[in-house]
Amino acid sequence: MAGLLDPRDVAEVCESERSRAEGLVRQFEERFEAKPDFLVRAPGRVNLIGEHVDYCGFPVLPISIRQDVMIAGRKDPDTRDITITNSDDKFEEFSCPIRNIQFSEVKWYSYVLAGYQGIAERMNTLAPGLQVMVDGSVPMSAGLSSSSALVCASALLAALFLNDTSLSRERIAE
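First, a word on scope: everything that follows refers to the structure included in this document.

Thresholds, definitions, all that
- Residues numbered from 1 in each chain as written.
- Predicted model: local features only at pLDDT ≥ 70, side-chain atom pairs only at ≥ 80, totals over all residues.
- Heavy atoms only, no water.
- Helix = DSSP H or I, 4+ residues; strand = E, 2+ residues; numbered from the N terminus.
- Expected span 1.5 Å × (residues − 1).
- Buried < 20%, exposed > 50% of the residue type's maximum accessible area, 1.4 Å probe, protein only.
- Polar contact = N/O pair within 3.5 Å; in protein donor to acceptor, adjacent residues only side chain to side chain.
- Contact = heavy atoms within 4.5 Å.
- Pairing = 2+ DSSP bridges.

Between the first and last C-alpha of helix 3 (residues 146–161) there are 22 Å, a value that for 16 residues agrees with the 22 Å anticipated at 1.5 Å per step. Among the residues making up helix 3, those that are buried are Ser 146, Ala 149, Leu 150, Ala 153, Ser 154, Ala 155, Leu 157, Ala 158, Ala 159, Leu 160 and Phe 161.

So, in structure tokens, the structure goes:
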């Protein structure tokens, strides 16, 4: 029947995600010499109706896609810095004091910082230090919301770090 997924396809998707997540954890351990505390995922999306009108209060109809952003992270009790790296070495690593996050120019890691800072401000607290590794399969600049997926995954990770898992998905999206 058209439109239905074959169960074998679903199993294949799950297996590929598991393999990718295990690879991200291995890379994280190699870079930071420790296991991550959390692994989060946020899908990319496409708007079927209402592209670029949602921020004006008009309705949209987004759907998630298979491509996503995964983030592995851990609290770093030895520092007061946030260190952000990517599984793809074409993206530069970034580190700054967690109490002095600034957005002087937009880089790929700015979206991670924005997600973290939004939750930290909402909860009025900061983590001691963070180590973060990002892996994304959402194509950049393809209209599939790779930056939104990165912000959402980072916000979810921040909520977990800051010990407030009671934030709903809707609240994180706000």
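When you line up the elements, Asp 68 lands in strand 2 (residues 61–75). The class of Asp 68 is buried, set by a relative accessible area of 0%. Among the polar contacts made by the side chain of Asp 68, one reaches the side chain of Arg 41 at a distance of 2.6 Å. In this structure, Asp 68 is in contact with Glu 17, Arg 20, Arg 41, Ala 42, Pro 43, Gly 44, Asp 135, Gly 136, Ser 137 and Val 138, ignoring residues within four places of it in sequence.

Before going further, it helps to spend a moment on the pairing of strand 3 (residues 81–86). In terms of burial, strand 3 is a largely internal element, 5 of the 6 residues being buried. In the sheet, strand 3 pairs with strand 4 (residues 94–97) via 4 bridges, with the strands oriented antiparallel. Note on strand 4: the bridge partner recorded for Ile 84 is Phe 94. Across 5 bridges, the pairing between strand 3 and strand 5 (residues 130–136) is parallel. Bridge pairing in strand 5 places Thr 85 opposite Met 133.

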